[in-house]
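Examining the three-dimensional arrangement
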There are 2 protein chains.
Amino acid sequence: MKKVPTEILDCIKENQSFLILVHNKPDGDAIGSAIAFGKGLKALGKNVDYYIETPLEDKLQFFSESRYFEDELRDEYDVVTFLDCSTIEYAFKPVPMVDARTTMVIDHHATNQGYGDINFLEITAATAELVFRILDALGVELDPEMVEAVFTGISTDTGSFQFANVTAETHQILSRLYEKRDNFAVLSKRLHSEKNYAQMKLYGKAVDSLQLYEDNTLAWIFLSYADICKYGGPVQITDDVANIGMNVIGVQLSATVKEVECGIYRVSLRSKTPFKIDVSLIARKYGGGGHMRAAGFTFKGDLKALKKELIEVIEYYRKHEEDI
Amino acid sequence: MKKVPTEILDCIKENQSFLILVHNKPDGDAIGSAIAFGKGLKALGKNVDYYIETPLEDKLQFFSESRYFEDELRDEYDVVTFLDCSTIEYAFKPVPMVDARTTMVIDHHATNQGYGDINFLEITAATAELVFRILDALGVELDPEMVEAVFTGISTDTGSFQFANVTAETHQILSRLYEKRDNFAVLSKRLHSEKNYAQMKLYGKAVDSLQLYEDNTLAWIFLSYADICKYGGPVQITDDVANIGMNVIGVQLSATVKEVECGIYRVSLRSKTPFKIDVSLIARKYGGGGHMRAAGFTFKGDLKALKKELIEVIEYYRKHEEDI
């Protein structure tokens, strides 16, 4: 197990009241980290409050500790801790007007500049790994819910231990969790495979709509407004819909088009090797943004023209592949 | 790391020529175990041949060692080793007519009775775990392909570390593999997510066909002969199609019906908690078989009647749930 900065451990030992914040639209790592850290502090006799956006997504609604997420806040805390939150702007807004003697930031995002008085920043697979390390260094015994919370953080942020962010330490931590509980199968299924009927139907419509262009290097996936409405609206579209195209062998660029209102399209772009053009450049052209390999924008106009343009991007790329 | 029986280590040390067999229709664990074990023996200066069914499924066609799977066999070996093969009948047939001074069985299946002269049987997540343990005990340095082979065995037999068979040792081994190579993301994607266009289209048709009955406890999934033919035939239907229904929240029993020839249906049944009726009993009624939670049969007749009967099974179960 790698080390934890002494000032982080000292800050926890020397203070009594803690407020825990995570990023908005909290995912499994934000919630898992918050609960493991919060319950760990409580086990050390600290006073802990949470300031976390609710309702949580369905798959994360099983932690009994989350009942405290709605509690009223104090006016003052010794320490406000930001977990899994790469910038302060990314935190759940409005950031509460509480007095904090110290702000502490614990995060695994490479882009985090360290906006706290004390910062524990390290590029790990999940913030939950850093939380585990802290609790381990403090000698906190993990209760069953904390074990589930750390597992949830790591499992969700690694796509069930598949992503490139997994390290030897990730599996060392998992091994420690399995020493405390012998079966995470139901939880894994909940976090990664299960969908409600509407989500599954929309996922099926999306996969069924798959079309390939340009020697099968461009995937085009379309969910119509009629289908989306039929199955409960855009809220029922799961994140994995945007990755369907990337799972087709040979595809380098995929566009997932969701007609979220009549004639208004939300487009998610994804790319993979050997495609080298930054897809956020394409998204920005349409007023969107994102990263090199995942970007998105909202589009209102002629879908055929959009498809034609993406085909041209792929054509251009394939002609100039060597030069890019 | 747990122990390896001394007689297994001695048998390897004291002999020179080895033939490696695995079960028929070899999966990731069979192939991964064979390659890691075979290359490990070669690293110790042994002569190794393989008797393994080919062609391998697409996702497993990346090991350079598999080029030796077609090599001619000798008439005689010091040791014939059965890997990941729960019974000798399950081995690739015809079992070659070679003379073996010793037969050695290495397997993780609970049902293995130990049909070798020497047996290393332990219920682990994958046979590849046992192979890793053996190579570790023998001090063999894993080359990059052996690392990939062990990873492939464990990752495929655990559904990417999600199944109930995963243990603390599974993650300890994974941690050791990550010390040798820092990224298994592309391999994980290959093993778990990627499909070719035809496979993805058929998967989409299957998901899109989902219907629920009996308060959403029975899932019904249907692939028509026309669709199957359009996308390259039954060979393009991936195993995960049979699990779609199980991933719908609330579903207890799912039937996946594939019209493999005109009017001939291959039916896969799956069940999950709290459903307690052994689905192999249903399958057996139609001339099929399987296990408590996964069974199948071939059906020729009135599909509506079959659906009605499954609905009755669910109804019966829900009425008598307490008594079962």
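All values derive from a computational prediction rather than experimental measurement.

1. Here we look at the overall build of chain A
Across its full length, chain A holds 10 helices and 11 strands. Radius of gyration (C-alpha) of chain A: 22 Å, near the 20 Å computed for a compact globule of 324 residues. C-alpha atoms of chain A, sized along the principal axes, occupy 60 × 45 × 45 Å. The buried share among the 324 residues of chain A stands at 57%. In chain A, 64% of the contacts between residues at least 6 apart in sequence involve partners at least 24 apart. Between the centroid of the 36 positive side chains of chain A and the centroid of its 49 negative side chains there is a distance of 6 Å.

2. Focus on the nonpolar core
In terms of nonpolar packing, the biggest core is built from 108 residues, with Phe37, Ile134 and Leu177 of chain A together with Phe37, Ile134 and Leu177 of chain B touching the most fellow members. Once residues lying within four places of it in the same chain are set aside, the contact partners of Ile134 of chain A are Val4, Ile8, Leu9, Ile12, Phe37, Ile106 and Phe120 of chain A. Counting residues in hydrophobic clusters, the runner-up holds 38 residues, among them Met200, Leu202, Leu210 and Met246 of chain B.

3. Examining the packing of helix 4 (residues 144-157) of chain B against helix 6 (residues 185-192) of chain B
All names here are of chain B. Following both chains from N to C, one finds helix 4 and helix 6 inclined at 45 degrees, their axes separated by 11 Å at the closest point. Taken together, the axes of helix 4 and helix 6 lie oblique to each other. As for how helix 4 packs across helix 6, the hand of that crossing is right-handed. For the pair formed by helix 4 and helix 6, the contact residues are Glu148, Phe151, Thr152, Ser155 and Thr156 on the first element and Leu187, Ser188, Leu191 and His192 on the second. Each residue belonging to the contact of helix 4 with helix 6 can be placed in one class, and the counts come to three nonpolar, five polar and one charged.

4. Description of the relation of the copies chain A and chain B
Superposition of chain A onto chain B requires a rotation of 180 degrees combined with a translation of 0.0 Å along the rotation axis, giving an RMSD of 0.2 Å. Accordingly, the operation relating the two chain copies is best matched by a two-fold axis.

5. Points about the packing of aromatic side chains
This structure, assessed with the given rule, holds 26 aromatic pairs over all chains. When the centroid spacing of 6.4 Å and the interplanar angle of 40 degrees are considered together, the rings of Tyr265 of chain A and Phe299 of chain A count as tilted. Of this pair, Tyr265 of chain A sits in strand 9 (residues 264-271) while Phe299 of chain A sits in strand 11 (residues 294-300), and the two are 34 residues apart along the sequence. The two residues Tyr265 of chain A and Phe299 of chain A agree in class, both being buried. Pairwise contacts between aromatic rings join Phe151, Phe161, Tyr178 and Phe184 of chain A together with Phe151, Phe161, Tyr178 and Phe184 of chain B into one cluster. The ring of Tyr68 of chain A carries Lys42 of chain A above its face, with NZ or CZ at 4.0 Å from the centroid. Its end group placed over the ring of Phe184 of chain A, Arg181 of chain A keeps NZ or CZ at 4.6 Å from the ring centre.

6. A few points about the sheet that holds strand 7 (residues 218-223) of chain B
Residues and elements named next belong to chain B. Spatially, the six strands line up as an open sheet ordered 6-7-8-9-11-10, and their pairing is mixed. Unpaired on one side and paired on the other, strand 6 (211-213) and strand 10 (289-290) mark the two borders of the sheet. Of the strand pairs in this sheet, strand 8 (residues 253-261) and strand 9 (residues 264-271) are connected by eight bridges, and their pairing is antiparallel. Paired with Val257 across the bridge in strand 9 is Val267. Sitting on the sheet, helix 10 (residues 303-320) touches strand 6, strand 7, strand 8, strand 9 and strand 11 (294-300), and the angle it makes with strand 7 is about 160 degrees.

7. Digging into the domain arrangement of chain A
Domain annotation for chain A reports domain 1 (6-192) and domain 2 (197-323). With centres defined by C-alpha atoms, the gap from domain 1 of chain A to domain 2 of chain A works out at 32 Å.

8. Digging into the interface of chain A and chain B
On the chain B side, the residues contacting the 42 residues of chain A number 42 residues. For the chain A and chain B pair, buried surface summed over both sides reaches about 3600 Å², with 55% attributable to carbon and sulfur atoms. Put simply, chain A and chain B have four salt bridges between them. Note that Lys205 of chain A is salt-bridged to Asp208 of chain B, the shortest N-O span being 2.9 Å. Remark: the boundary between chain A and chain B carries 20 residue pairs in polar contact (both at pLDDT 80 or more). For the side of chain A that touches chain B, the secondary-structure elements that each account for two or more residues are helix 5 (168-180), helix 6 (185-192) and helix 7 (197-208) of chain A. Tallying contributions element by element places helix 7 of chain A first for the side of chain A that touches chain B, with eight residues.

9. Quick look at the side chain of Thr156 of chain A
Relative to the helices and strands, Thr156 of chain A is located in helix 4 (residues 144-157). Each residue touching Thr156 of chain A, except ones within four places of it in the same chain, is listed here: Gly28, Asp29, Leu191 and His192 of chain A.

10. Considerations on the environment of Glu14 of chain B
By the element assignment, Glu14 of chain B lies in helix 1 (residues 6-14). Once the C-alpha coordinates of Glu14 of chain B and Asp78 of chain B are considered, the two residues, 64 residues apart in sequence, prove to be 9.4 Å apart.

11. Looking at the environment of Lys205 of chain A
Topologically, Lys205 of chain A is positioned in helix 7. Each C-alpha atom of the pair Lys205 of chain A and Ile228 of chain A lies 9.3 Å from the other, and the pair is 23 residues apart in sequence. Excluding residues that lie within four positions of it along the chain, Lys205 of chain A makes contacts with Phe222, Leu223, Asp227 and Tyr231 of chain A together with Asp208 of chain B.

Cut-offs applied
- Residues numbered from 1 in each chain as written.
- Chains lettered and ligands numbered in written order.
- Predicted model: local features only at pLDDT ≥ 70, side-chain atom pairs only at ≥ 80, totals over all residues.
- Heavy atoms only, no water.
- Helix = DSSP H or I, 4+ residues; strand = E, 2+ residues; numbered from the N terminus.
- Rg over C-alpha atoms; globule rule 2.2 N^0.38 Å.
- Buried < 20%, exposed > 50% of the residue type's maximum accessible area, 1.4 Å probe, protein only.
- Contact = heavy atoms within 4.5 Å.
- Lys, Arg positive; Asp, Glu negative; His and termini not counted.
- Charge placed at Lys NZ, Arg CZ, Asp CG, Glu CD.
- Core = buried A, V, L, I, M, F, W, Y, C linked by side-chain atoms within 4.5 Å.
- Axes fitted to C-alpha atoms, helices over the stretch in contact; angles between N-to-C directions.
- Parallel < 35°, antiparallel > 145°, perpendicular 65-115°, else oblique.
- Left-handed = near helix turned anticlockwise from the far one by under 90°.
- Nonpolar A, V, L, I, M, F, W, Y, C, P; charged D, E, K, R; others polar.
- Least-squares fit on C-alpha atoms with pLDDT ≥ 70 in both.
- Phe/Tyr/Trp six-rings, centres within 6.5 Å; stacked < 30°, edge-to-face > 60°.
- Lys NZ or Arg CZ within 6 Å of the ring centre and 35° of its normal.
- Pairing = 2+ DSSP bridges.
- Domains from an automatic or database assignment.
- Buried area = accessible area lost by both parts, 1.4 Å probe.
- Salt bridge = Lys/Arg side-chain N within 4 Å of Asp/Glu carboxyl O.
- Polar contact = N/O pair within 3.5 Å; in protein donor to acceptor, adjacent residues only side chain to side chain.

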